[in-house]
2 protein chains.
Amino acid sequence: MGRAITVRDMISVEEARERILSHFSRLEPETKPITDGLGQVLAQDVRSDFDIPPLDNTAMDGYAVIAADTDGASEASPVRLRVAGDLAAGYIYEGTVTPGTAVRIMTGASIPGGADSIVPFEETDEALDGPKLETEVAVLKAVQPGANVRKAGEDVRKGETVLPKDAVLHAAQIGLLASVGKAEVSVYRRPVVAILSTGDELLDVGEPVMPGKIYDSNAYSVSSMVVEAGGIPQRLGIAADTVDALTVKLREGLEADMLVTSAGVSRGDFDVVKDVLAKEGEIDFWTVRMRPGKPLACGAFSTENGHVPHIGLPGNPVSSMVTFELFGRPAIYKMLGKAGWQRPRVTAVAKERIVNEDGRRVYARAILTRNGDGDHEASLTGPQGSGILTSMALANALAIVPEDALAIEPGQQVECLLLE
Amino acid sequence: MGRAITVRDMISVEEARERILSHFSRLEPETKPITDGLGQVLAQDVRSDFDIPPLDNTAMDGYAVIAADTDGASEASPVRLRVAGDLAAGYIYEGTVTPGTAVRIMTGASIPGGADSIVPFEETDEALDGPKLETEVAVLKAVQPGANVRKAGEDVRKGETVLPKDAVLHAAQIGLLASVGKAEVSVYRRPVVAILSTGDELLDVGEPVMPGKIYDSNAYSVSSMVVEAGGIPQRLGIAADTVDALTVKLREGLEADMLVTSAGVSRGDFDVVKDVLAKEGEIDFWTVRMRPGKPLACGAFSTENGHVPHIGLPGNPVSSMVTFELFGRPAIYKMLGKAGWQRPRVTAVAKERIVNEDGRRVYARAILTRNGDGDHEASLTGPQGSGILTSMALANALAIVPEDALAIEPGQQVECLLLE
């Protein structure tokens, strides 16, 4: 703290992220009911123990027949077959289809022995007259052997891997697990993220207004970002700016997989957080070459069982959200075993000037829209002060001004990270 | 059921959706802790009861001074001021800054009476030597009145609407609610969606394999889609194909806001679902001009307190997912009071032929990638049979072949709905 910090002393966003991620590892697997695994990552390959479909079955409602019986059938000269039975899906026909006979059969039902093809209702007289529990059906069109038959194992072969390790479980994957009979699934555990706000100036929501105090918003915005990223937030509340208060609160988060503090990391107020973390673990203070969100801390809080990685966010509401977006969210993804923390990027045309005051990379809160030609356009959401959360609430993107650009001028291209 | 269904008898996807949505309304508001409202929609405007910041405060760590005192200050001839106090954020300075004095002050702290500007540490000798609890500070640069002061109400004025009714609560909005001191929020309630699978051929996961039977996947994939859309799934399990079994199971879903059944709506097996719904409410059967997912039912199940809207999905795993995507998801959004159920659309170049066999709109499971030029390309995920859930698990988009196109040829443009 003994000298002014200049741009040369700063580390890049990429270097900060790399250093932070080095503190995190994928968590251990847990086994849970398949629907509870939605959004998590498979910890092992899932194979099918059986063919799907398990037996040859019909893709259509119709009649199971011997194809040769239908040779020459037409509307003008239908082939009449004796209906020997009626078979719903889920049942096995006990008899055998013999020449001159047919079994009425519903989609999904297994093909009766002896039959080799299905004549759909539409190609029989049932289509014209509705189902009659008659003993004869007229086939109006010849079928080929195998017609409308789904073969056993056509979708999935016994022993086949239906979902590989590291697959993310969305709705189709959960359905696929069910289709191979799995009630439970092994996925990497969701991280518990302990969140602590520091500062004597903070009130918690629900407390009465007091002169000079402000309501803590960081615990709530960051906790919501943790949920959106797939973690489980554990809000520790607000710690006063004393070593004792901070130590007590931090120790409540010792069971967590990650500790996030906000405030207490800018130049003037290093000492309390620094002292506590230095005593209870280790901490690095960085100045990241970005705006908003310059000051950042990273370290680890020692516990009896090891250590809890720690990210210290700036106290300003927008800075804390932007730094959590760039550093905290990737850490949660890494613990989940999930790739793809990168937000989609879009190149837009700047609708207004976006300035870069001091050679840091600017992440400006922006509204991305499409013009008549389908091109993306980026406008700022208003004043870019880092205390102004309304501007973050309006944003659907962060527009990036590179370190070496003095400004993006209206009409110039600007790269944007999509937030939604 | 007395005649073949032709394309002319079918209704369009848009007409089916409009008819279905006419059964649904936005649900009533509920009040809950702000973090629990994440993803829901505000049922009323939220105003601030106070200015933010509540008082003029400092944007920097530094010294609160009278600007006129610093006139002419430079590194060569610093202005020396007596340090009359030290003020952390959250505290109010009891005294007054008089000419020739300064108060050491931390970011966010209220500006002491008498002072009109802040000299940052970097522009004092503290920056060079570190903080000394001395009684004098040397100012190295003149400041203007108002420098580094954030004015009361600069971010939010007392009485101002910070979030309008109908805003969706993401992380920034939750933070904004906290910043105006709100512990609770009024949002439109999440719908409970009862999900019932029908069919004698179905086994539930965990049951042993049986000949001719298949595992029910629809309850699990649809339940996951309900969660992803913001609803609360209530799985009713599997009903056998009998009036009694179906009636008993359906009545378990009477407290839900929406009932989803799967299977039992195709031509051959209308009768059981039709009979039960006709007795217990009302139901329409439609053939929607789309593939997969042609048969669809919609109606309402009567209860003592009114009725529960009902969507009857096809039984095939892919058909049920695609129809729930097109019809069920918008219904959940409508109940949540949420706009934007439409998926983003992208025009891609088809990498392979996508056929349209029979004049219906095809929703083909596709993998969308970008080529070297940044253009989107769409490939199919494999065979497009509607029983094959593996193809759905691989898809990140649905590629649309219009009703009047016989096929999309390789190299032609194809419109795609993004699923992720």
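Residues numbered from 1 in each chain as written. Chains lettered and ligands numbered in written order. Predicted model: local features only at pLDDT ≥ 70, side-chain atom pairs only at ≥ 80, totals over all residues.

**Observations concerning the overall build of chain A**
The condition is simple: Strands are runs of DSSP state E lasting at least 2 residues, helices are runs of H or I lasting at least 4, and numbering of each runs from the N terminus. Radius of gyration: over C-alpha atoms. The globule rule applied is 2.2 Å multiplied by the number of residues raised to the 0.38 power. With C-beta atoms placed from the backbone, a residue is labelled by how many other C-beta atoms lie within 10 Å of its own: buried for 20 or more, exposed for 12 or fewer, partly exposed between the two. What counts as a contact here is a pair of residues whose C-beta atoms, placed from the backbone, lie within 7 Å.
Along its length, chain A carries 8 helices and 27 strands. Rg of the C-alpha trace for chain A: 32 Å, well past the compact-globule value of 22 Å for 420 residues, more than 25% over. Projecting the C-alpha coordinates of chain A onto the three principal axes gives extents of approximately 100 × 55 × 40 Å. Each of the 420 residues in chain A was classed as buried or not, and the buried ones make up 50%. Counted over contacts in chain A with a minimum sequence separation of 6, partners at least 24 positions apart contribute 71%.

**Focus: the interface of chain A and chain B**
The condition that has to hold: Side-chain classes are defined by residue name, with Ala, Val, Leu, Ile, Met, Phe, Trp, Tyr, Cys and Pro counting as nonpolar, Asp, Glu, Lys and Arg as charged, and the others, Gly among them, as polar.
Of the residues lining the interface, 78 residues belong to chain A; the matching set on chain B comes to 78 residues. Its residues placed into classes, the side of chain A that touches chain B shows 40 nonpolar, 23 polar and 15 charged.

**So, the relation of the copies chain A and chain B**
We apply this condition: When the copies are superposed, the least-squares fit draws on C-alpha atoms of residues that have pLDDT of at least 70 in both.
For the match of chain A to chain B, the screw axis carries a shift of 0.0 Å, the RMSD comes to 0.1 Å, and the turn is 180°. What we have between these two chains is a two-fold relation. Taking the C-alpha atom as reference, chain A places A:Glu420 closest to the rotation axis, 5.5 Å from it. Comparing interface residues between copies, 100% of those in chain A also lie at the interface in chain B; the contact surface is shared.

**What to know about helix 5 (residues 243–252) of chain B**
What counts, and what does not: What the arc covers is the set of directions going from the helix axis to the C-beta atoms.
Turning to helix 5 of chain B, its buried residues are B:Leu246, B:Lys249 and B:Leu250. Down the axis of helix 5 of chain B, the smallest arc covering the buried residues is 100°, so these residues share one side.

**With respect to unusual backbone geometry**
The amide bond that connects A:Ile52 to the next residue, A:Pro53, takes the cis arrangement and shows omega of -10°. Within the fold, A:Pro53 resides in the loop between strand 2 (46–47) and strand 3 (57–58). The step from B:Arg291 to B:Pro292 runs through a cis peptide bond, and the omega angle for that step is 0°. Take B:Pro292: it is sitting in the loop between strand 18 (290–291) and strand 19 (295–303). In the Ramachandran plot, A:Asp166 falls in the positive-phi region, its phi being about 80° despite a non-glycine side chain. The topology assignment puts A:Asp166 in the loop between strand 10 (161–163) and helix 3 (171–179).

**Some remarks on the sheet that holds strand 19 of chain B**
Residue and element names in this part refer to chain B. The criterion, for reference: Strands were regarded as paired on the criterion that DSSP finds at least two bridges between them. Lines are fitted to the C-alpha atoms to define the axes, a helix being fitted only along its stretch in contact, and any angle between axes, read from their N-to-C directions, falls within 0 to 180 degrees.
In spatial order, the strands read 15-12-16-20-19-17; together these 6 strands make up an open sheet with mixed pairing. Bordering the open sheet on either side are strand 15 (232–239) and strand 17 (281–287), each of which pairs with just one other strand. For this sheet, the mean angle separating the axes of adjacent strands, direction not counted, is 20°. In this structure, strand 16 (residues 258–262) lies alongside strand 20 (residues 306–313), joined through 4 bridges in parallel fashion. Bridging across to strand 20, valine 260 finds its partner in isoleucine 311.

**A word on the nonpolar core**
For clarity, the cut-off: By definition, a nonpolar core groups buried Ala, Val, Leu, Ile, Met, Phe, Trp, Tyr and Cys residues that connect through C-beta atoms lying within 7 Å of each other.
By size, the foremost hydrophobic cluster in this structure holds 188 residues, and its most contacted members are A:Ala399, A:Cys416, B:Leu398, B:Ala399 and B:Cys416. The residues touching B:Cys416, leaving out its near neighbours within four places in the chain, are B:Arg345, B:Val346, B:Ala348, B:Ala366, B:Leu368, B:Ala378, B:Ala397, B:Leu398, B:Ala399 and B:Ile400.

**Let's talk about helix 3 of chain A**
All names here are of chain A. With respect to burial, helix 3 is a largely interior element, 9 of its 9 residues being buried. Listing the buried residues of helix 3 in full gives Ala171, Ala172, Gln173, Ile174, Gly175, Leu176, Leu177, Ala178 and Ser179. Where helix 3 terminates, the next one or two residues include glycine 181, which has phi positive at roughly 80°.

**Some remarks on the sheet that holds strand 8 (residues 136–139) of chain A**
Residue and element names in this part refer to chain A. Strand order in the open sheet made by the 5 strands is 7-4-6-5-8, with mixed pairing throughout. If you trace the sheet from one side to the other, it starts and ends with strand 7 (117–120) and strand 8, each paired once. Looking at each pair of strands side by side, their axes are set apart by 40° on average, direction ignored. Here strand 5 (residues 79–87) runs beside strand 8; their pairing, made up of 4 bridges, is antiparallel. In the strand pairing of strand 8, arginine 82 is matched with glutamate 136.

**Some thoughts on the environment of A:Pro29**
All names here are of chain A. With respect to the element layout, proline 29 can be found in strand 1 (residues 29–33). Judged by C-beta crowding, with 17 C-beta atoms within 10 Å, proline 29 ranks as partly exposed. Residues proline 29 and valine 185, 156 residues apart in the sequence, show an inter-C-alpha distance of 9.6 Å. Those residues in contact with proline 29 that sit more than four places away from it in its chain are Ala43, Ser186, Val187, Tyr188 and Arg189.

**Things to note about the packing of helix 4 (residues 218–229) of chain A against helix 3 (residues 171–179) of chain B**
Operational definition: Oblique is the label for every angle not falling under 35 degrees (roughly parallel), over 145 degrees (roughly antiparallel), or within 65 to 115 degrees (roughly perpendicular). Crossing handedness follows the turn of the near helix against the far one: under a right angle anticlockwise gives a left-handed crossing, and clockwise gives a right-handed one.
Two elements in contact, helix 4 of chain A and helix 3 of chain B, have axes separated by 7 Å at closest approach and are oriented at 155°. Relative to helix 3 of chain B, helix 4 of chain A is oriented roughly antiparallel. Crossing geometry of helix 4 of chain A relative to helix 3 of chain B is assigned as right-handed. Counted together, A:Asn218, A:Tyr220, A:Ser221, A:Ser224, A:Met225 and A:Glu228 of helix 4 of chain A and B:Ala171, B:Ala172, B:Ile174, B:Gly175 and B:Ala178 of helix 3 of chain B form the full contact between these two elements. Classifying every residue of the contact of helix 4 of chain A with helix 3 of chain B by side-chain character gives 6 nonpolar, 4 polar and 1 charged.

**Topic: the domain arrangement of chain A**
Interface size is commonly expressed as the accessible surface area that is lost when the partners come together. To be explicit about the condition: Bear in mind that the domain bounds are from an automatic or database domain assignment.
When cut into domains, chain A gives domain 1 (7–27 + 190–336), domain 2 (29–49 + 168–188), domain 3 (57–150) and domain 4 (345–418). Inter-centroid distance (C-alpha atoms) of domain 3 of chain A to domain 4 of chain A is 65 Å.

**Let's talk about the pairing of strand 21 (residues 345–350) of chain B**
When strand 21 of chain B meets strand 27 (residues 413–418) of chain B, the two strands line up antiparallel, connected through 5 bridges. Bridging from a neighbouring strand, B:Val346 pairs with B:Cys416 of strand 27 of chain B.

**Let's talk about the packing of helix 1 (residues 13–21) of chain B against helix 7 (residues 317–336) of chain B**
Residue and element names in this part refer to chain B. Helix 7 packs onto helix 1 with a crossing angle of 35° between their chain directions and a minimal axis gap of 10 Å. The crossing of helix 1 and helix 7 is right-handed. Contacts between helix 1 and helix 7 involve Val13, Ala16, Arg17, Ile20 and Leu21 from the former and Leu326, Phe327, Pro330, Ala331 and Lys334 from the latter. Residue composition of the contact of helix 1 with helix 7, by class: 8 nonpolar, no polar and 2 charged.

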